[in-house]
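Working through the structure, step by step
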Amino acid sequence: MGCFVFKPNTKKKKTSSLNDHFTHGCKGAETSDIRFRLFHDLWNKTKTDIEILQDELNKKVLDSLLDFTRKCSITRQHSNWASQMRASEIPTAALMLGVNVPDHDMTFQSLSELLQQSVTPHVVSVQAKECAGKLIHNMEKRVLERLMDTLVAAADDEEEEEIEAAALQQSDTPVHRSVHCSLSVLCEWYNTQTKVGPKSSTPGKKRSSPSKDQYPPVVIIFKDLEAFNQKVLQDFILICSRYVERLPLMFIFGIATSPSTIQHMLPHSVSSLLCIELFQSLSCTHHLATVIDKLILTPKFPFKLSGKVMQVLISLFLYHDFSVRNFIKGVQLALLEHFHSQPLSVLCCKKKEALRNLAQLSHGDLERIRQLPSFTRYTGHWSKFKILCGQKCLHALTSSLPRYPLGKQIRELHLICLEKNVWETEDYQSAMKLLKMLAKDELIALLQKCTEILQPIKSKMMKSAFVQLEDMLNKFKQLDGEMGEASSLTSPLKNFQKKTDLFQLQKALLEMNESRRSKKQSPYENLRSDVLEFIDNLVKSHLPPPESQTLNEVCYYSSSSSVRRHLNATPRTSIQAALSSPYYYLPNESLQTDDGSVSNAAPDICIVHKLHLECGRLINLYDWMQAYSTVVSAAEGNDPDSDNFGKFSSARFIRAVSELEFLGFIKSTKQKTDHVARLTWGGC
Amino acid sequence: MSSSPLPPPLQQQRHPGYEEERLRRVAEQLPCREVQAGMLLSLMGEPQQYSLPCIFIYGHRASGKSYVVNVLLKELELPHATISCAECITAALLFEQVLLALFGGDAAATLPRYPSLSDFVRIYRHHRSRAPAEQTRYIVLEKAELLRDMDANLLSVLVRLQELVEDNLTVLLLSELVWDTFRPNTGCLEPLPLHFPDYTKAELHQILSRDRHPSYSADLYASYIHILLGIFYAVCRDLRELRHLAALNFTKFCEPVTEGKAKESDTHKLWRNIEPHLKKAMQTVYLREVSSLEWEKMQQVETETGPLRGLSAHTHVELPFYSKFLLIAAYLASYNPARTDKRFFVKHHGKIKKTKFLKKNEKTSNHLLGPKPFPLDRLLAIFYSVVDSRVAPTASIFSQISSLVTLQLLTQVSHVDQLDAPKYKCAVSMDFICAVSRTVNFDIIKYLYDFL
Amino acid sequence: MSKRKAKGASKPIGECISQLQKCLRERLCHNRIPSQLEASEAQHKHLLGLLQRTANNGESNSVLIIGPRGSGKTALLKCVLRDLLQEKEVQKNLLQVHLNGLLQTDDRIALKEITRQLNLENVVGDKVFGSFAENLVFLLEALKKGDRSTTRPVLFVLDEFDLFAHHKNQTLLYNLLDVSQSAQAPVAVVGLTCRLDVLELLEKRVKSRFSHRQIHLLSTLSFTQYLEQVASQLSLPDDFPDREFALDWNSSMRRFCEDKSVEGILQRHFNSSKDFCSLHMLLMLCLSRISTVNPTIKPADILEASRLCFSDAKSNMLHGLSILELCLVIAMKHLNDVYEGEPFNFQMVHNEFKKFLQRKSSSVYNFEQPVVMKAFEHLQQLELIRPVDGSSAKTQREYQLMNLALDSSQIIEALHKYPQCPTDIKQWGMSAFG
């Protein structure tokens with residue numbers, strides 16, 4: 001969606017000027033360049049990881065797309081009785097990408113690359129805004145241009161000649177000079193291409209392409225189908241369908257909303273020319289979940305986001321745009337801000353490096369550390385690992401419980417943990433209660449998961465925890481041997497899965513407790529309570545909120561306000577702020593005022609705005625100006641009676657008023673002569 | 001002509017100047033179109049004789065207009081240029097192709113970059129004088145209705161092109177529309193209208209039966225076609241569509257035969273087998289809800305996986321939270337009269353009966369008349385009142401609106417570059433919006449004026 | 001043409017027939033100039049006189065030939081020119097420039113064309129001219145002959161004269177007429193147009209320079225003349241190769257024209273329009289049926305031909321609609337009757353249709369909405385219904401307002417003609433209100 005089309009300009013970090021920019025005005029300048037380097041490395045690492053990750057995520061759908069194209073081109077070449085009837089249809093892949101349009105770019109990028117590597121050299125992708133206009137010329141031009149661009153110099157504003165040139169150059173067969181670009185030109189070009197054979201095709205990115213079939217399809221990718229002009233699209237398809245026998249065309253529609261838009265955009269007479277296949281790419285929420293999992297909840301990166309910042313970013317994602325890309329941008333921003341504003345971020349890196357940097361710390365830095373609120377005792381390093389895998393375990397245990405007391409997604413749990421002591425929340429309590437009622441097999445399965453999570457972790461505390469869990473599991477196993485009846489009692493949770501009403505659930509729990517008190521505990525149950533005890537302790541010891549931890553400032557970035565200010569701008573309020581308290585933007589002492597009032601020395605528009613707040617719906621321009629000129633003259637210190645009074649002020653006033661009108665605070669009205677209408681409510 | 005008893009065969013006495021052999025070949029290529037072909041041929045006369053300056057051939061889609069013409073011209077090897085106006089997006093392109101086909105590449109090359117009609121005629125005359133026609137030249141223009149949008153005079157020039165270029169030339173205009181929709185307001189030379197009537201059911205049957213499956217007997221296929229027509233004829237008479245459907249469903253039809261459950265003879269059984277299947281096809285393949293590929297796959301696997309979901313079946317769109325509410329607000333704004341907003345969105349409005357603000361011209365529901373445009377501020381006002389939490393008017397809220405427009409969930413009515421007070425319409429269907437509001441559990445029906 | 005004879009000497013007859021075809025086709029299709037125009041003797045004399053004076057005495061003139069389409073304006077002019085060019089002197093002297101409003105769509109193109117037709121391209125070379133007038137005058141100057149001091153007379157023929165009036169500032173017309181006024185060069189400007197109000201199109205300065213000579217071809221021709229016209233059009237000339245064939249062909253044609261049924265048909269045509277083009281079309285249709293199998297035009301032929309000419313295209317198209325589409329058309333008709341011609345959208349039409357289905361409780365025709373939509377779209381493609389506003393992209397398809405481009409009489413007629421139309425639908429169509 002448009003809101004993600006906003007692309008933060010990617011800054012090249014290599015440039016020294018940028019470095020200066022970074023160091024300029026950031027606290028603790030002496031370590032700034034180290035921090036800049038740290039930031040730089042960290043970010044690059046993150047970026048590459050994310051790219052790899054996203055490629056994996058897209059892999060499935062892309063592969064199926066490739067298969068589709070291959071299949072189509074093959075069936076076209078040797079067709080049986082039934083598929084002859086389909087010969088007139090243009091094979092079309094409708095690729096569902098979800099509404100997060102800017103995230104699509106990368107998908108299409110990799111898609112067209114893959115296509116060019118494995119299927120066909122002839123791939124062209126067009127965007128709606130390139131084919132603007134009511135007429136079809138643009139689109140045709142673009143397509144031809146791009147396709148032949150792979151062979152000839154880029155076509156400039158005189159595409160047509162270029163294309164002819166291309167057609168002429170490419171074709172060793174005598175081809176008549178065509179005055180206009182049309183698909184027939186493309187046909188000739190294609191024929192010459194295939195006749196020559198892709199192997200000996202002119203140098204370019206295509207030489208690498210392994211040409212398995214003699215007639216590779218010509219794939220046209222429509223990046224954003226919805227944005228295209230319907231008429232143009234229809235005409236284009238109609239024209240293409242006339243050539244489909246001679247030219248193995250193939251479309252790929254990038255669709256943001258839903259397949260039904262095809263039916264909305266194309267009348268049946270047109271859609272009957274297509275043979276549409278659906279392809280679903282993974283949902284952006286899932287995408288985000290993976291990204292968070294791999295990016296935030298990993299010990300690999302020392303840098304961490306505090307609960308609030310996390311909250312801001314996620315709510316931005318969920319409420320406004322579904323754009324993972326923007327989320328990552330947000331993380332990048334937070335990273336930058338962190339290294340920029342927090343001198344001690346010099347320690348925010350791998351442990352060894354951190355120690356080295358620590359050695360170089362200046363006295364001032366140490367002072368700062370001492371001043372840190374969290375500085376009580378200096379422990380060598382912090383327990384990121386524990387927190388993370390602790391969360392993972394807890395999530396593994398609770399995520400399958402009915403009504404997800406601790407959240408379905410791990411990020412929710414993560415947020416809770418960041419906020420406060422998780423074990424004090426009643427959600428946690430209820431989760432524990434639920435766990436207490438788990439049947440054996442379920443519990444074992446969950447524990448298994450935990451152990452798997454704990455397994456790879458090096459830290460010794462974790463090792464010990466892991467060992468304990470292991471032998472508890474073994475105990476369960478033995479239990480299995482001696483008494484089979486334990487397994488017979490099946491989980492009462494089963495039937496909770498259905499009833500979703502929380503109240504009922506609680507009631508049921510109470511009953512359960514009653515019943516359990518009544519009958520004596522089976523060994524299994526004893527064991528179970530032990531395990532839960534153990535887990536509870538584990539949680540208590542490992543999942544304190546980061547604020548309580550030593551030196552959390554070093555690696556936790558917590559100023560959510562600045563992030564919000566940067567990523568979710570509110571033009572209206574900022575205008576208001578600028579007008580009501582100009583000092584906020586113009587740090588000029590004369591503008592500073594203790595109470596909310598505006599000083600006389602403020603810019604005209606501020607004064608005018610201030611004055612207009614005192615008026616009703618209709619403002620008498622003359623009175624307004626009088627008030628204004630008194631204020632101004634008071635500021636300039638000349639008395640209202642002097643003759644040259646209000647000479648300039650009237651002009652300035654008019655300008656200020658028109659500015660206000662431009663900003664949409666007032667508008668001219670017919671209701672009353674020399675009055676203007678207010679468009680805002682309230683006042684002072 | 002359709003009423004004339006039995007079609008005269010294309011024979012040499014009737015159409016002198018053409019070889020018997022060719023005529024025979026033409027005849028067998030044109031089943032059920034002998035009358036039209038004969039008519040056309042006799043109008044064309046002998047190759048070197050003059051013919052009418054312009055003939056306007058009209059008839060429904062796939063009634064064999066361009067097919068007949070092209071077969072005649074190709075088989076009889078007459079000099080001709082066949083051009084689809086759909087391709088020729090500019091008149092220049094059209095000129096180029098005509099000259100190319102009639103006089104070869106160098107003629108086309110002499111056209112200036114942006115040729116005027118005058119240039120075209122001049123160049124034509126020039127080449128005509130170099131190579132005078134010993135046979136009538138033909139210019140065939142398919143989808144001629146598009147000529148109307150091209151160049152003001154183009155049509156009236158083409159109609160009397162023969163006279164203008166002084167050549168033995170005939171222009172054939174092919175179209176699905178009637179000539180009345182073509183006539184320029186100052187009128188022009190009237191072409192001879194020639195109607196290609198639609199195929200009768202019998203003819204359709206005959207033609208469709210021709211492309212039978214190689215590995216099955218002809219009359220099995222014929223009976224199959226009979227059943228097919230029985231179901232689809234009422235809806236669709238387009239030969240191409242029918243052929244498409246026939247091809248797609250045949251495997252399914254002769255499944256019992258291949259499996260040995262039924263013999264080719266017992267048609268009733270076969271009918272019972274195929275009939276519901278074809279009914280389903282009407283909702284799916286016929287509307288291209290399901291692509292032919294998927295349809296075939298689905299036949300092969302043959303698992304009754306409920307009603308297969310077509311394109312418009314999945315309408316579900318994942319939207320950001322606020323976008324959903326914006327969309328809901330837009331829907332309300334475009335289907336409720338503005339004056340009812342007070343009643344819906346203001347707290348403690350007195351009980352207002354519907355009848356109170358029911359105007360007499362509002363008997364018909366707004367869902368019959370379609371969405372009405374609404375200004376931006378109304379949208380936002382409703383938005384803020386339906387969204388329960390406080391929302392800051394951030395930039396991204398506004399950009400979401402424009403995004404919804406690009407996604408065609410909203411349409412901007414006012415002109416794009418009108419910045420102040422833009423007007424929008426909601427472009428989503430009732431059940432779509434219901435689905436959306438369910439996800440944010442907002443009971444939209446309560447807020448719709450039509451359902452009060 | 002007894003059968004025996006036709007069979008006996010089929011070969012020569014084949015010859016004759018093809019000769020006949022050749023001759024008559026040239027006349028009917030290629031409007032070869034008839035030997036003499038009976039209808040417009042006076043106009044012919046008048047125009048000829050004018051042009052002769054220009055050609056011989058070097059006197060400038062301007063004249064408009066006005067008449068409805070197919071009333072023989074071009075034919076008249078051609079005749080006159082032919083007669084004019086029989087004089088050696090004129091042939092040597094007179095230059096002709098033929099312009100057509102359809103082709104020369106603006107004055108720049110027109111000027112280029114003039115230059116070309118006077119073949120002065122090389123003379124002009126790449127000169128640049130201040131104004132159009134300069135350019136034109138230069139061209140005319142360039143026509144000065146070496147020995148004589150006067151320039152050669154030039155005849156400008158402006159076909160579709162009214163279109164030239166739409167050019168910017170009517171520069172071409174202004175200058176041509178101006179030249180024809182001032183005696184700088186002998187120029188005759190002949191305009192052909194079918195618009196009777198053509199003078200209203202001219203600007204004052206242009207009009208004032210026009211001689212206001214008008215030759216009207218408002219065909220005053222009576223039915224008897226019309227019949228003669230037919231006969232003469234069909235009769236073979238004396239220089240026809242096979243003398244005797246020509247004779248009995250002509251006699252048969254005479255008999256043909258006297259036939260009562262034929263006369264009736266021709267009368268019908270005469271009443272509908274007198275113009276020669278449609279007549280030619282009719283005769284051409286008859287002629288096209290001539291072959292060795294039926295070597296002469298029979299009344300049946302012309303009957304068939306006129307049926308073809310008069311057939312209503314729209315009802316032809318309605319005949320080819322599917323039942324469903326027909327039902328929609330009927331529903332629209334009813335909507336039109338109820339809301340007296342208010343535009344409707346798909347939803348309304350579908351509603352109307354559904355109402356009908358409910359009344360007749362048989363579930364033969366209740367199709368899913370998309371199927372109906374497809375039919376609706378097809379009707380729109382056929383332009384049997386037209387969208388009200390051009391902004392088709394803006395509104396959803398089912399809500400776009402439409403107008404029906406058929407009147408109920410056509411629909412009723414179509415219903416009658418429709419092959420095996422179900423009776424209930426027929427009744428529904430006939431019924432006064434849905």
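With an unreviewed UniProt entry as reference, chain B is termed Origin recognition complex subunit 5, source organism Hippocampus comes. In its Subunit (unreviewed entry) section, UniProt records this for chain B: "Component of ORC, a complex composed of at least 6 subunits: ORC1, ORC2, ORC3, ORC4, ORC5 and ORC6. ORC is regulated in a cell-cycle dependent manner. It is sequentially assembled at the exit from anaphase of mitosis and disassembled as cells enter S phase." Database annotation for chain B, UniProt heading Subcellular location (unreviewed entry): "Nucleus".

As annotated in an unreviewed UniProt entry, chain A carries the name Origin recognition complex subunit 3 and is attributed to Hippocampus comes. According to the UniProt record, the Subunit (unreviewed entry) comment for chain A is "Component of ORC, a complex composed of at least 6 subunits: ORC1, ORC2, ORC3, ORC4, ORC5 and ORC6. ORC is regulated in a cell-cycle dependent manner. It is sequentially assembled at the exit from anaphase of mitosis and disassembled as cells enter S phase." In its Sequence similarities (unreviewed entry) section, the UniProt entry covering chain A states "Belongs to the ORC3 family."

Counting secondary structure elements, chain B contains 20 helices and 8 strands. For chain B, the spread of C-alpha atoms along the three principal axes comes to 90 × 70 × 45 Å. Within chain B, the proportion of its 452 residues that are buried is 59%. A separation threshold of at least 6 residues defines the contact pool for chain B, and within that pool the share at least 24 residues apart is 70%. Element-wise, carbon and sulfur atoms account for 57% of the exposed surface of chain B, whose accessible area totals about 18500 Å². Taking the average place of the 53 positive charges on the side chains of chain B and the average place of its 49 negative ones, the gap between the two points comes to 11 Å.

Let's shift gears to the domain arrangement of chain B. Residues and elements named next belong to chain B. Split by domain assignment, chain B resolves into domain 1 (10-195), domain 2 (201-316) and domain 3 (319-451). Its C-alpha centre places domain 1 at a distance of 38 Å from the equivalent point of domain 2. Every contact between the two is made by 5 residues of domain 1 and, on the other side, 7 residues of domain 2. Carbon and sulfur atoms make up 54% of the area that domain 1 and domain 2 hide from each other, which totals about 580 Å². Run the count over domain 1 and domain 2 and you get 1 salt bridge.

Residue and element names in this part refer to chain C. Taken in spatial order, the 5 strands line up as 2-3-4-1-5 in an open sheet, and their pairing is parallel. The open sheet terminates on both sides in strands that have one partner only, identified here as strand 2 (95-100) and strand 5 (213-216). Strand-to-strand twist in this sheet, taken as the mean axis angle between neighbours without regard to direction, amounts to 15 degrees.

A grouping of A:Y584, A:Y585 and A:L586 is seen on the molecular surface, where their side chains present a nonpolar patch of about 340 Å² in accessible area. By the element assignment, A:L586 lies in the loop between helix 28 (571-580) and helix 29 (604-613).

Right, let's get into the sheet that holds strand 4 (residues 249-255) of chain A. Residue and element names in this part refer to chain A. Spatial strand order, 2-3-4-1-5: 5 strands in an open sheet with parallel pairing. Looking at which strands have only one partner, the edges of the open sheet turn out to be strand 2 (123-126) and strand 5 (274-280). Between one strand axis and the next, the sheet turns by 20 degrees as a mean value, whatever way the strands run. The pairing of strand 1 (residues 90-96) with strand 5 spans 7 bridges and is classified as parallel. Its bridge partner being in strand 5, A94 is matched across the sheet by L278. Across the sheet, helix 3 (residues 32-77) touches strand 1, strand 4 and strand 5, and the angle it forms with strand 1 is around 175 degrees. In the packing of helix 5 (residues 104-118) onto the sheet, the strands contacted are strand 1, strand 2, strand 3 (218-222) and strand 4, and the crossing angle to strand 3 comes to about 180 degrees.

All right, on to the nonpolar core then. In terms of nonpolar packing, the biggest core is built from 125 residues, with B:L141, B:L147, B:L161, B:L173 and B:F232 touching the most fellow members. Here this core gets 10 residues from one element, more than from any other, and that element is helix 19 (residues 323-338) of chain C. Setting aside anything within four residues of it in sequence, one finds B:F232 in contact with B:L242, B:L245, B:L278, B:A281, B:M282 and B:Y286. Core analysis: the second largest hydrophobic core is formed by 83 residues, A:L297, B:Y335, B:L380 and B:C426 among them.

With that settled, consider unusual backbone geometry. All names here are of chain C. Although it is not a glycine, N169 sits at a positive phi angle of roughly 55 degrees. Position of N169 among the secondary structure elements: in the loop between helix 9 (161-164) and helix 10 (171-181). The exposure class assigned to N169 is partly exposed, which follows from its relative accessible area of 41%. Its identity as a non-glycine residue notwithstanding, E383 has a phi of 55 degrees, on the positive side. If you trace the backbone, E383 turns up in the loop between helix 21 (369-381) and strand 6 (385-387).

Residues and elements named next belong to chain B. Examined bridge by bridge, strand 6 (residues 374-375) and strand 8 (residues 423-426) share 2 bridges and lie antiparallel to one another. Looking at the pairing, P375 lines up with K423 of strand 8. Bridge analysis of strand 7 (residues 410-412) against strand 8 gives 3 bridges, and the strand direction is antiparallel. Across the sheet, the residue bridging to Q412 is Y424, located in strand 8.

The next subject is the packing of helix 19 of chain C against helix 20 (residues 346-360) of chain C. Residue and element names in this part refer to chain C. Where helix 19 contacts helix 20, the axes come no closer than 9 Å and their chain directions differ by 100 degrees. Accordingly, the angle class assigned to the pair helix 19 and helix 20 is roughly perpendicular. Every residue of helix 20 that contacts helix 19 at L324, C327, L328, A331, M332, H334 and L335 is listed here: M348, V349, E352 and F353. Considered class by class, the residues forming the contact of helix 19 with helix 20 number 9 nonpolar, 1 polar and 1 charged.

The subject of this paragraph is the interface of chain C and chain A. Counting residues at the interface gives 6 residues for chain C, matched by 8 residues for chain A. Summing both sides of the interface, chain C and chain A together bury roughly 530 Å²; the carbon and sulfur share of this comes to 43%. Among the residues chain C hides against chain A, the three largest losses belong to C:K374, C:E377 and C:R397. Together they make up 64% of the total. Counting across the chain C and chain A interface gives 0 salt bridges. Joining chain C to chain A, the criterion identifies 4 residue pairs in polar contact (both at pLDDT 80 or more).

Turning to the confidence of the model for chain B, a few remarks are in order. Residues and elements named next belong to chain B. Averaged over all residues, the pLDDT of chain B equals 83, while 90% of them reach at least 70. Note that pLDDT drops below 50 for residues 1-6; the model gives that stretch 11 contacts with residues more than four away or on any other chain. Across residues 303-307, where pLDDT falls below 50, the model places 1 contact with residues more than four positions away in sequence or in other chains. Per the prediction output, this complex has pTM 0.80; the corresponding ipTM is 0.84.

Residues and elements named next belong to chain C. Of note, Q43 is situated in helix 3 (residues 41-57). Looking at Q43, its side chain comes within polar contact range of the main-chain oxygen of H216, at 3.1 Å. Residue contacts for Q43: discarding those within four places in its chain leaves L76, I215, H216 and L217.

Another aspect to go through is the environment of A:E426. Residue and element names in this part refer to chain A. If you trace the backbone, E426 turns up in helix 19 (residues 426-436). Judged by relative accessible area, which is 57%, E426 ranks as exposed. Separated by 103 residues in sequence, E426 and S323 place their C-alpha atoms 33 Å apart.

Taken together, the 74 residues of chain B in the interface contact 63 residues of chain C. In this assembly, chain B packs against chain C so that about 5800 Å² is buried in total across both faces, 58% of it on carbon and sulfur atoms. Of all residues in chain B, B:Y50, B:H60 and B:L368 give up the largest surface area on contact with chain C, accounting jointly for 11% of the area buried on that side. Taken together, the connections running from chain B to chain C amount to 5 salt bridges. Here B:D119 and C:K112 are joined by a salt bridge, their closest N and O atoms 3.9 Å apart. One can count 24 residue pairs in polar contact (both at pLDDT 80 or more) joining chain B with chain C. The dominant element in the side of chain B that touches chain C, judged by the number of residues it contributes, is helix 6 (residues 117-130) of chain B, at 5 residues. Looking at the side of chain B that touches chain C residue by residue, the class counts come to 35 nonpolar, 23 polar and 16 charged.

Further remarks concern the packing of aromatic side chains. By the definition in use, this model includes 47 aromatic pairs over all chains. Ring geometry for B:Y224 against B:F253: centres 4.8 Å apart, planes inclined by 40 degrees, an arrangement best described as tilted. With B:Y224 in helix 10 (residues 218-232) and B:F253 in helix 11 (residues 239-253), this residue pair connects regions lying 29 residues apart in the sequence. Residue B:Y224 is classed as buried on the basis of its relative accessible area, which comes to 0%. On the basis of an interplanar angle of 65 degrees and a centroid distance of 5.0 Å, the ring pair of C:Y226 and C:F270 is categorised as edge-to-face. Taken as a pair, C:Y226 in helix 13 (residues 223-234) and C:F270 in helix 15 (residues 260-272) lie far apart in primary sequence, 44 residues in all. Of the two residues, C:Y226 and C:F270, neither departs from the other in class, the shared state being buried. Taken together, the ring pairs in this structure connect A:Y319, B:F321, B:Y322, B:F325, B:F344, B:F345, B:F383, B:Y384, B:F442 and B:Y447 into an aromatic cluster.

Cut-offs applied
- Residues numbered from 1 in each chain as written.
- Chains lettered and ligands numbered in written order.
- Predicted model: local features only at pLDDT ≥ 70, side-chain atom pairs only at ≥ 80, totals over all residues.
- Heavy atoms only, no water.
- UniProt positions renumbered as here; feature names shortened; annotations may be inferred.
- Helix = DSSP H or I, 4+ residues; strand = E, 2+ residues; numbered from the N terminus.
- Buried < 20%, exposed > 50% of the residue type's maximum accessible area, 1.4 Å probe, protein only.
- Contact = heavy atoms within 4.5 Å.
- Areas by Shrake-Rupley, 256 points an atom, 1.4 Å probe, with all protein chains shown as cover.
- Lys, Arg positive; Asp, Glu negative; His and termini not counted.
- Charge placed at Lys NZ, Arg CZ, Asp CG, Glu CD.
- Domains from an automatic or database assignment.
- Buried area = accessible area lost by both parts, 1.4 Å probe.
- Salt bridge = Lys/Arg side-chain N within 4 Å of Asp/Glu carboxyl O.
- Pairing = 2+ DSSP bridges.
- Axes fitted to C-alpha atoms, helices over the stretch in contact; angles between N-to-C directions.
- Patch = residues over 30% accessible without salt bridge, like charges linked within 9 Å, V, L, I, M, F, W, Y side chains within 5 Å.
- Core = buried A, V, L, I, M, F, W, Y, C linked by side-chain atoms within 4.5 Å.
- Parallel < 35°, antiparallel > 145°, perpendicular 65-115°, else oblique.
- Nonpolar A, V, L, I, M, F, W, Y, C, P; charged D, E, K, R; others polar.
- Polar contact = N/O pair within 3.5 Å; in protein donor to acceptor, adjacent residues only side chain to side chain.
- pLDDT = per-residue confidence, 0-100.
- Phe/Tyr/Trp six-rings, centres within 6.5 Å; stacked < 30°, edge-to-face > 60°.

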